[in-house]
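# Residue-level structure breakdown
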Amino acid sequence: GAAQWENHRAQCCLAEVYYRGYVVDKDLTSAFDWHVMAANGGDELAIKALLNRFSHTFITGVSRDACLNCFKLLAEKGVAEAQYEAGYLYEHYSADKSNALYWYQVACDNGNKDAMFTMAEYYLEEQKDRRNAVRWFSKAAALGHIKARVHLTKLFYDYYHDVDKAYDNAVL
């Protein structure tokens, strides 16, 4: 029918039928495949469904490579959430830090606060670079990322606490 002839809204609707098990048996693999087809055609609902339902997880029957390729294709089309997800999948499932950092940076450049938070953690924990960590935590916090605000507060507290200790030791 229409879904097979590249009607992207029909593909998205068919994905929903499989996802929810309407009239057919629930089939997450088919739902994923139809969502990918619709998303590749630019269907915004399909893109949102993929990001909301299939991010940070792998579905039985869907290979990790298929998930990564899906989010990488969307990332290449400029979807900031998919750019972050591609970074996440490269980091956590492919152990490919270089590609993970690349996609996190691209997502940061497109205003993704979760990617900014992740970059801040990377600079703080792995690079031991407080300056860049504060820069990224600040950007994420400005966009409303709560954990970034907490980390930023802790960093400032630790910094001033260290300054006070140094002052006390110098005076003694």
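Located above this text is the structure these notes cover.
In short, a report on the structure. (Residues numbered from 1 in each chain as written. Predicted model: local features only at pLDDT ≥ 70, side-chain atom pairs only at ≥ 80, totals over all residues. Heavy atoms only, no water.)

### A few points about the pattern of salt bridges
The tally for this structure, following the rule as stated, stands at 4 salt bridges. Asp43 is the salt-bridge partner of Arg9, the closest N and O atoms lying 2.9 Å from each other. Within this pair, whereas Arg9 is found in helix H1 (residues 8-20), its partner Asp43 is found in the loop between helix H2 (28-40) and helix H3 (44-54), the two being separated by 34 residues in sequence. By relative accessible area, which is 42% here, Arg9 ends up partly exposed. Salt-bridge contacts for Glu91 lead to Lys97; the nearest nitrogen and oxygen are separated by 3.4 Å. Judged by its relative accessible area of 28%, Lys97 falls in the partly exposed class. (Salt bridge = Lys/Arg side-chain N within 4 Å of Asp/Glu carboxyl O. Helix = DSSP H or I, 4+ residues; strand = E, 2+ residues; numbered from the N terminus. Buried < 20%, exposed > 50% of the residue type's maximum accessible area, 1.4 Å probe, protein only.)

### Details of the side chain of Thr118
Considering the arrangement of structural elements, one finds Thr118 in helix H7 (residues 113-126). Sequence-distant contacts of Thr118, that is, excluding residues within four places in its chain, are made with Tyr84, Glu91 and Tyr104. (Contact = heavy atoms within 4.5 Å.)

### A few points about the packing of H7 against helix H8 (residues 130-142)
Where H7 meets H8, the axes come as close as 8 Å, and the angle between the chain directions of the two elements is 165°. Taken together, the axes of H7 and H8 are roughly antiparallel relative to one another. In terms of crossing hand, the pair formed by H7 and H8 is left-handed. Note on element contacts: H8 touches H7 through Arg130, Asn132, Ala133, Trp136, Phe137, Lys139 and Ala140, opposite Lys113, Met116, Phe117, Met119, Ala120, Glu121, Tyr123 and Leu124. For the contact of H7 with H8, a count of residues per class yields 10 nonpolar, 1 polar and 4 charged. (Axes fitted to C-alpha atoms, helices over the stretch in contact; angles between N-to-C directions. Parallel < 35°, antiparallel > 145°, perpendicular 65-115°, else oblique. Left-handed = near helix turned anticlockwise from the far one by under 90°. Nonpolar A, V, L, I, M, F, W, Y, C, P; charged D, E, K, R; others polar.)

### What about the packing of aromatic side chains?
Within this structure, the stated rule accounts for 5 aromatic pairs. Seen from their ring centres, Tyr84 and Tyr104 are 5.7 Å apart, and the 40° between their planes marks the pair as tilted. A residue pair is termed long-range when its members are at least 10 positions apart, and Tyr84 in helix H5 (residues 80-92) and Tyr104 in helix H6 (residues 97-109) qualify at 20 residues. Assigned by exposure class, Tyr84 and Tyr104 land together as buried. Positioned above the aromatic ring of Tyr19, the side-chain terminus of Lys26 is 5.6 Å from the ring centre. Here Lys139 stacks its cationic end above the ring of Trp136, 4.9 Å away from the centre of that ring. (Phe/Tyr/Trp six-rings, centres within 6.5 Å; stacked < 30°, edge-to-face > 60°. Lys NZ or Arg CZ within 6 Å of the ring centre and 35° of its normal.)

### Quick word on the environment of His151
Tracing the backbone through its elements, the reader meets His151 in helix H9 (residues 146-171). It is 8.8 Å that separates the C-alpha atoms of His151 and Val134, two residues lying 17 residues apart in sequence. Setting aside chain neighbours within four positions, we find His151 in contact with Phe117, Glu121 and Phe137.

### Here's the deal with the packing of H1 against H3
H3 packs onto H1 with a crossing angle of 30° between their chain directions and a minimal axis gap of 9 Å. For the element pair H1 / H3, the angle class is roughly parallel. Taking contact as the criterion, the partners of Arg9, Cys12, Glu16, Tyr19 and Arg20 in H1 are, on H3, Leu45, Ala46, Ala49, Arg53 and Phe54.

### As for unusual backbone geometry
Positive phi, normally seen in glycine, also occurs at Val23, with a value near 65°. Along the polypeptide, Val23 turns up in the loop between H1 and H2. Val23 sits in the exposed class, given a relative accessible area of 87%. Phi is positive for Ala95, which is not a glycine, with a value near 50°. Among the structural elements, Ala95 can be located in the loop between H5 and H6.

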